[in-house]
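One letter stands for each residue in the lines below.
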Amino acid sequence: MHIIIDNEQFVRVLKRMTHQIIEYNMQLDQIVLIGIEKKGTPLAKAIQSYIKEFEGVEVPLETIDISAHRDDDKKKDDSNIKFVTNINNKIVILVDDVLYTGRSVRAAMDAIMDMGRPSKIELAIFVDRGHRELPIRADFVGKNIPTSRNERVVCDFESKIVSLI
């Protein structure tokens, strides 16, 4: 295991991503953060907290379980997906830890579109490791880490480190 991002860098990267989101989206009252379960949710909560700290605005936060929208054999019932926040005509910022093939993001977008019609969907990714299988790109990237297909990137939010295995 090789640590790529230590805990000091981890916090700095999250704060930088938050500043980029704020600069790009001047109307913070139009934003809804959506964390992809499990790893994207703590990152989305941290971004929500930093937006509150930096701008004094509490943006809504939702979480989404994409398992029912996956294109592999991990499908399950999606009847439990419900948002408290109305996402129609809002700017949805989808948050996840690692962008790899793009299939999880595609599943998340499918799930979001089942819940409403946002004016725009943006993607915030902590680590982009390459190897896309779908034409998906992040709007906000914490760190680009080129990898081989047999390596794994592990984002540990509790320890605030990112490792390459």
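Use the structure listed above.
Below is a summary of the structure that appears in this document. This is a predicted model, so every value here is computed, not measured. (Residues numbered from 1 in each chain as written. Predicted model: local features only at pLDDT ≥ 70, side-chain atom pairs only at ≥ 80, totals over all residues. Heavy atoms only, no water.)

Let's shift gears to the nonpolar core. Grouped together as the largest cluster of nonpolar side chains are 31 residues, with contacts concentrated most on Phe126 and Val162. Elements with a contribution of two residues or more to this core: strand E1 (2-5), helix H1 (7-24), strand E2 (31-36), helix H2 (40-55), strand E4 (91-99), strand E5 (120-128), strand E7 (153-156) and strand E8 (161-164). If near-sequence neighbours (up to four positions away) are discounted, Phe126 is found in contact with Ile5, Phe10, Val13, Leu14, Met17, Leu43, Asp96, Asp97, Gly142, Lys143, Cys155 and Val162. Membership of the second largest hydrophobic core comes to 20 residues, among which are Ile81, Ile87, Val105 and Ile112. (Core = buried A, V, L, I, M, F, W, Y, C linked by side-chain atoms within 4.5 Å. Buried < 20%, exposed > 50% of the residue type's maximum accessible area, 1.4 Å probe, protein only. Helix = DSSP H or I, 4+ residues; strand = E, 2+ residues; numbered from the N terminus. Contact = heavy atoms within 4.5 Å.)

Taken together, 5 strands build an open sheet; the order of strands is E3-E2-E4-E5-E6 and the sheet is parallel. Two strands lie at the open edges of the sheet, namely strand E3 (61-64) and strand E6 (140-144), each paired on one side alone. Neighbouring strand axes in the sheet, compared pairwise and without regard to direction, differ in orientation by 25 degrees on average. Looking at chain direction, E4 and E5 are connected through 8 bridges and run parallel. What sits directly across from Asp96, in E5, is Ile125. Packing of H1 onto the sheet brings it into contact with E2, E4, E5 and E6, and relative to E6 it is tilted by some 150 degrees. (Pairing = 2+ DSSP bridges. Axes fitted to C-alpha atoms, helices over the stretch in contact; angles between N-to-C directions.)

Turning to empty space enclosed by the protein, a few remarks are in order. Enumeration according to the criterion identifies 1 cavity of 30 Å³ or more in this entry. Counted as a void, the largest cavity has a volume near 30 Å³. Forming the boundary of the largest cavity are Arg70, Asp71, Arg103, Ser104 and Ala107. Split by residue class, the lining of the largest cavity holds 1 nonpolar, 1 polar and 3 charged. (1 Å grid on protein atoms, 1.4 Å probe; cavity = no way out; pocket = protein on both sides within 12 Å on 5 of 7 lines; lining within 4 Å. Points joined across faces, edges and corners; volume = space filled by probe spheres on them. Nonpolar A, V, L, I, M, F, W, Y, C, P; charged D, E, K, R; others polar.)

Take the environment of Ile47 next. Along the polypeptide, Ile47 turns up in helix H2. Spatially, the C-alpha atoms of Ile47 and Lys82 are 21 Å apart, while their sequence positions differ by 35 residues.

Attention shifts here to the sheet that holds E7. Spatially, the 3 strands line up as an open sheet ordered E1-E8-E7, and their pairing is antiparallel. In this open sheet, the two edge strands, each paired with only one partner strand, are E1 and E7. Strand-to-strand, the axes of this sheet are offset by a mean angle of 30 degrees, without reference to chain direction. Pairing geometry for E1 and E8, over 3 bridges, is antiparallel. Across the sheet, the residue bridging to His2 is Leu164, located in E8. Against the sheet, H1 contacts E1, E7 and E8, and its axis sits at roughly 30 degrees relative to E1.

Attention now moves to the layout of surface pockets. Roughly 540 Å³ of volume is contained in the largest pocket. Taken together, the elements giving at least two residues each to the lining of the largest pocket come down to E4, helix H3 (103-115) and E7. Tallied by class, residues from the lining of the largest pocket come to 9 nonpolar, 4 polar and 11 charged.

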